[in-house]
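Read off the chains here:
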Amino acid sequence: MIKTEAGRSDILLAIIAAAADRELSRVQLQKVAFLISEEFKDRLPEDFYTFDKHNFGPFCIDIYNDTEMLHYWGWIKVNRGEEPRLDTYSIAMPLSLDDLQFDTDIKQYIKDTVAWVVDMSFGEIVRAIYWLFPEYRENSIFNYSEEEAELESFARSIKQLRQGKTYAAKERLEELRRTIKANG
């Protein structure tokens, strides 16, 4: 399979750029990078981030080291919170994903995934990741409930439906109908 020509920090930069004029939290940045690593395992740079099972799911400290580097070079802004966990990231200069050297499907996945997480709270993101990748609950200190994760997903879908983003809501409603029908 063909590997992307971009380095791992280019993909991190693309994630932050995909948020446009919004800021990404540390958890949003971590989890988007994780989802990309899962989706495109065989096509990412050999030194792409490796995620450990941590307190709140998949985690890689190298992401924070690379954000500091991107900040130093002037590509991103690191907006410092009262504690490091409250830091947020935004793009420092206009950047199009088309300017970066990697495949169109990866760029589209980044756009779609950032759009999915940008309005999610810390808990929503962690629950969604645990629901999708239950093996990452192993070392968790987060109180996870599958029922709560599913209810949040359904509520998010309804909210998206109201906003005219019907793709997620239609899929979620169909899944709910199938589940109700299967359970009588």
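Before reading on, note that the structure itself is shown above.
Each chain carries its own residue numbering, running from 1 in the written order of its sequence. The predicted nature of this model means local features are confined to residues of pLDDT at least 70 and side-chain atom pairs, given and counted, to a pLDDT of 80 or more, with totals for whole chains, interfaces and linings taken over all residues. Side-chain figures throughout are based on the complete set of non-hydrogen atoms in the structure, without hydrogens or water.

A. Looking closely at the environment of S37. With respect to the helices, strands and loops of the structure, S37 is situated in helix α2 (residues 26–39). Taking the C-alpha atoms as reference points, S37 and F48, separated by 11 residues in sequence, lie 7.6 Å from one another. Polar side-chain contacts of S37 include one of 2.6 Å to the backbone oxygen of F34. Segments assigned H or I by DSSP are reported as helices when at least four residues long, segments assigned E as strands when at least two residues long, and all are numbered from the N terminus. Two N or O atoms count as a polar contact when they lie within 3.5 Å, although within protein this holds only if one can serve as hydrogen donor and the other as acceptor, and sequence-adjacent residues are included solely when both atoms are side-chain atoms.

B. Expanded view of unusual backbone geometry. Phi at A20 is positive, roughly 55°, even though this residue is not glycine. If you trace the backbone, A20 turns up in the loop between α1 (8–18) and β1 (24–25).

C. View of helix α3 (residues 62–72). Think of it in three bands: with a 1.4 Å probe and only protein chains considered, a residue is buried below 20% of the maximum accessible area for its type, exposed above 50%, and partly exposed in between. Those residues of α3 lying buried are I63, Y64, D66, T67 and L70. End-on, the buried residues of α3 take up no more than an arc of 160°, which puts them together on one face. Any pair of residues with heavy atoms lying within 4.5 Å of one another is described as a contacting pair. Buried positions along α3 lie against α1, α2, β3 (57–59), β4 (76–79) and β5 (88–91). With its phi angle positive at about 90°, G74 sits one or two positions after the end of α3. Taken from the helix axis, the directions to the C-beta atoms give the arc we talk about.

D. Looking closely at the sheet that holds β5. Within the open sheet, the three strands sit side by side as β1-β5-β4. Their pairing is antiparallel. The sheet terminates laterally at β1 and β4, the two strands that pair on one side only. Its contacts with the sheet place α1 against β1, β4 and β5, and it is angled at close to 85° to β5. Only strands joined by at least two bridges in the DSSP assignment are considered to pair. To define axes, lines are fitted to C-alpha atoms, for helices over the stretch in contact only, and angles between the resulting N-to-C directions are given on a 0 to 180 degree scale.

E. Quick peek at the pairing of β4. Of the two faces of β4, the one lined by I76 and V78 is fully buried and the one lined by K77 and N79 carries no buried residue. Here four bridges tie β4 to β5, and the two strands are oriented antiparallel to one another. Along β5, the bridge assignment pairs N79 with T88.

F. Examining the side chain of E124 more closely. Relative to the helices and strands, E124 resides in helix α5 (residues 122–132). Assessed through its relative accessible area of 18%, E124 is described here as buried. In this structure the side chain of E124 is engaged in a polar contact, spanning 2.7 Å, whose partner is the backbone nitrogen of S121.

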